[in-house]
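# Residue-level structure breakdown
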Amino acid sequence: MTALSCGALVGPQAVSAQTAAAAGGGRGTNILIVGIDSRAGLSTAEKNRLHVGGKGCNCTDVMMLVHLSEDGHRASVVSIPRDSYVEYAGTAVPAHSGKINGAYALGGGPLTVATVEKATGLHVDHYLETDFTGFERTVDNLGGATVCTDRPLRDENSGLDIGAGRHHTDGNRTLRYVRARHVNLRPGDLGRVRRQQRVVNDLLARLTVEGALASPLRTARTVRTLLKTVRTGERTGPGDLIRIGWTLGRLRADRTEFATVPIRLFDHRVPGVGSTLVWHEARSAALWEALGADRPITGDTRIQPVAQTPAPTNPAAIGVRVDDATVAAALSRNGFVVTDTSPSAPLVRPAGPPVIRYAPGQEEHASTLAAALPGARLEAVAGHDALFDVAVGTDPVPVRAVTYDRNIADGAPLTGDSLRCAEPPGAVPAVRS
């Protein structure tokens, strides 16, 4: 919380309360936290410093719904992508639908809260919002944040440019990290949302280690810092934030959960609205029902089914040359982009399983291909081109059907200990950037 403040349908329709799960008894506490995309009052110099050029939409850029269990022993943080296609709250007939981030432009925080309640079926108890400068100052006031990546990340739009590893960043660079939507690795909203969740998770872990949430008194000091840059709803006062912060500070990492609303359509075009995201009706309904019933969301196969052979990347994006016609046909049926090179295969096959050769840096795609060819050996070859080569040996080659689900790759429910940056806070000094 601190970091951020710093039923089936016929065809794709906007989500409304009628298509979301009923919220059960409303057990626990729900907090809606949003970051506003507004350039109002920013000078040209400030826009350049924050790397937020362009026209602001006066809409929500970031949205997280935090559920604290009634017993105070679990926190579930659910990101709601900004382009989610929903019905807005209100009395307009016919119902007015659009991207969920547009509710703020129409009616500010109150309509945003009401729209989230309508879409999820959950009651929102508390509301917090901040903007670009508020986020930057919040992170700075709290001593910076930790960001991490296993490969270099660049995004000209947000100004993000960091190398592989774990970095301690100030508010400005953290803002670039959480805003980036056009990164060279996994562009789009779900990857961005996962980075936001990781920042929240690691900042919460650091504040806990430092004792900033260790007692009501220390939590009150942290809340006082928070309220310098964060606006609250009329039902939310300092006392509420102290209780929430103290609860979060007493949670182990494996008792915090992070997820993104499951998506069914990733580029649903709506005239006058543009490209939107349509929630997966059954999975999202199961998510809201679990939160309404105050149950964990990790491990719930209704929210995230477990694929028999999950693939980390999309086979349709992987070009493969295969020197065996049978294996080539099987991989093609599995969605890979296959070139059959069997006419030029060696007359005598090498002993052993198939070998997958690829260029360094293609490890995720290599994992997907290896999942379809169990037992295959992987070889990263310097100077190899962008395609993958499969050389079949003497061993029989089973080809498995793999399942790629972007919800698994970037938004599946995870506990905080799984989501945290690879190096635990304090173990190795992070690179300051």
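Above: the structure in question.
Keep in mind it's a predicted model, so treat the numbers as computed, not measured. The numbers attached to residues start from 1 for each chain and follow its sequence in the written order. Thresholds applied to this predicted model are a pLDDT of at least 70 for local features of residues and 80 or more for the giving and counting of side-chain atom pairs; totals over whole chains, interfaces and linings are not thresholded and use all residues. Note that water and hydrogens are dropped before the side-chain values are worked out from all heavy atoms of the structure.

Time to look at the packing of aromatic side chains. Ring pairs shown here join Phe, Tyr and Trp side chains whose ring centres sit within 6.5 Å, with only the six-membered ring taken for Trp; geometry is labelled stacked below 30 degrees between planes, edge-to-face above 60, and tilted in between. Here the structure, examined in full by the defined rule, presents 2 aromatic pairs. Between Trp279 and Trp288, the ring centres sit 5.7 Å apart and the planes meet at 50 degrees, which makes this aromatic pair tilted. For the pair Trp279 and Trp288, a shared accessibility class is recorded, and that class is buried. With centroids separated by 5.7 Å and ring planes inclined at 25 degrees, the aromatic side chains of Tyr358 and Phe388 adopt a geometry described as stacked. Think of it in three bands: residues with accessible area under 20% of the maximum for their type are buried, residues over 50% are exposed, and the middle band is partly exposed, with areas taken using a 1.4 Å probe on protein chains only.

Further remarks concern the pattern of salt bridges. Here a salt bridge means any side-chain nitrogen of Lys or Arg lying within 4 Å of a carboxyl oxygen belonging to Asp or Glu. On inspection of all chains with the given rule, the structure shows 32 salt bridges. Between Asp61 and Arg192 there is a salt bridge whose closest N-O contact spans 3.1 Å. A residue pair is termed long-range when its members are at least 10 positions apart, and Asp61 in strand β2 (residues 59-68) and Arg192 in helix α6 (residues 189-209) qualify at 131 residues. An identical accessibility class is assigned to Asp61 and Arg192; each is buried. Notably, a salt bridge pairs Arg377 with Glu379, separated by 3.4 Å at the nearest N-O pair. The exposure class of Arg377 is partly exposed, given its relative accessible area of 40%. Judged by relative accessible area, Glu379 falls into the partly exposed class, the value being 27%. Only DSSP runs of H or I with at least four residues qualify as helices, and only runs of E with at least two residues qualify as strands; both kinds are numbered from the N terminus onward.

When DSSP locates at least two bridges between a pair of strands, those strands are taken to pair. Strands sit in the order β17-β16-β20-β18-β19 across an open sheet of 5 strands; the sheet is mixed. Only two strands of the sheet have a single neighbouring strand rather than two, namely β17 (337-340) and β19 (377-380). Direction aside, neighbouring strands of the sheet carry axes that sit 25 degrees apart on average. In terms of strand pairing, strand β18 (residues 355-358) meets strand β20 (residues 388-391) through 3 bridges, oriented antiparallel. The residue of β20 that forms the bridge with Val355 is Ala391. Lying over the sheet, helix α10 (residues 325-333) contacts β16 (319-322) and β17, oriented at roughly 165 degrees with respect to β17. Simply put, an axis is a line fit to the C-alpha atoms, just over the touching stretch for a helix, and the angle between two N-to-C directions goes from 0 to 180 degrees. A contact between two residues is defined here by any heavy atoms of the two lying within 4.5 Å.

Here we come to a positive patch on the surface. A grouping of Arg137, Arg218, Arg221, Arg224 and Lys228 is seen on the molecular surface, where their side chains present a positively charged patch. Element by element, the count of residues in the positive patch is highest for helix α7 (residues 216-226), at 3 residues. Within the secondary structure, Arg218 sits in helix α7. Here, patches come from residues exposed beyond 30% relative accessible area and free of salt bridges, joined within 9 Å for like charges and within 5 Å for nonpolar side chains (Val, Leu, Ile, Met, Phe, Trp, Tyr). Surface accessibility in these figures is a Shrake-Rupley result with a 1.4 Å probe; residues are shielded only by whichever protein chains are displayed. A residue counts as positive if it is Lys or Arg and as negative if it is Asp or Glu; His and the chain ends are not included. For this purpose, a charge sits on NZ of Lys, CZ of Arg, CG of Asp or CD of Glu.

Interaxial distance between α7 and helix α8 (residues 238-249) falls to 9 Å at its minimum, and their mutual angle equals 120 degrees. Put simply, α7 runs oblique to α8. In this structure, α7 crosses over α8, and the sense of that crossing is right-handed. Here Pro216, Thr219, Ala220, Val223 and Leu226 of α7 lie close against α8, whose contacting residues are Pro238, Leu241, Ile242, Gly245 and Trp246. Amino acids outside the nonpolar list (Ala, Val, Leu, Ile, Met, Phe, Trp, Tyr, Cys, Pro) and the charged list (Asp, Glu, Lys, Arg) are all regarded as polar, and Gly is one of them. In terms of residue class, the contact of α7 with α8 is made up of 8 nonpolar, 2 polar and no charged. Every angle not falling under 35 degrees, over 145, or within 65 to 115 is termed oblique; those three ranges are roughly parallel, roughly antiparallel and roughly perpendicular. Handedness of a helix crossing follows the sense of rotation of the near helix relative to the far helix, less than a right angle counterclockwise being left-handed and clockwise being right-handed.

Looking now at unusual backbone geometry. Apart from glycine, the bulk of residues carry a negative phi angle, and the bulk of peptide bonds sit in the trans form. Backbone geometry at Asn58 places phi at a positive 50 degrees, although glycine is not the residue there. Among the structural elements, Asn58 can be located in the loop between α2 (44-50) and β2. Even without being glycine, Asp294 reaches a positive phi, approximately 65 degrees. Tracing the sequence through the fold places Asp294 in the loop between α9 (281-292) and β15 (310-311).

We call a set of buried residues a nonpolar core when its members are Ala, Val, Leu, Ile, Met, Phe, Trp, Tyr or Cys and they connect through side-chain atoms within 4.5 Å of each other. Within the largest apolar cluster, 33 residues are counted, with the highest numbers of intra-cluster contacts made by Leu32, Ile80, Trp279, Trp288 and Ile297. At the level of secondary structure, the elements contributing two or more residues to this core comprise β1 (29-37), β2, α3 (103-120), β14 (274-279) and α9. Sort the elements by how many residues they give to this core and α3 lands first, with 6 residues. Ile33, Val66, Leu207 and Leu251 belong to the second-largest nonpolar core, a separate cluster that totals 24 residues.

Two cysteine sulfur atoms form a disulfide, by the criterion used here, when they sit within 2.5 Å. Per the stated rule, a full pass over the model turns up 1 disulfide. With a sulfur-sulfur separation of 1.7 Å, Cys57 is cross-linked through a disulfide to Cys59. Disulfide Cys57 to Cys59: torsion about the S-S bond roughly -55 degrees, handedness left-handed.

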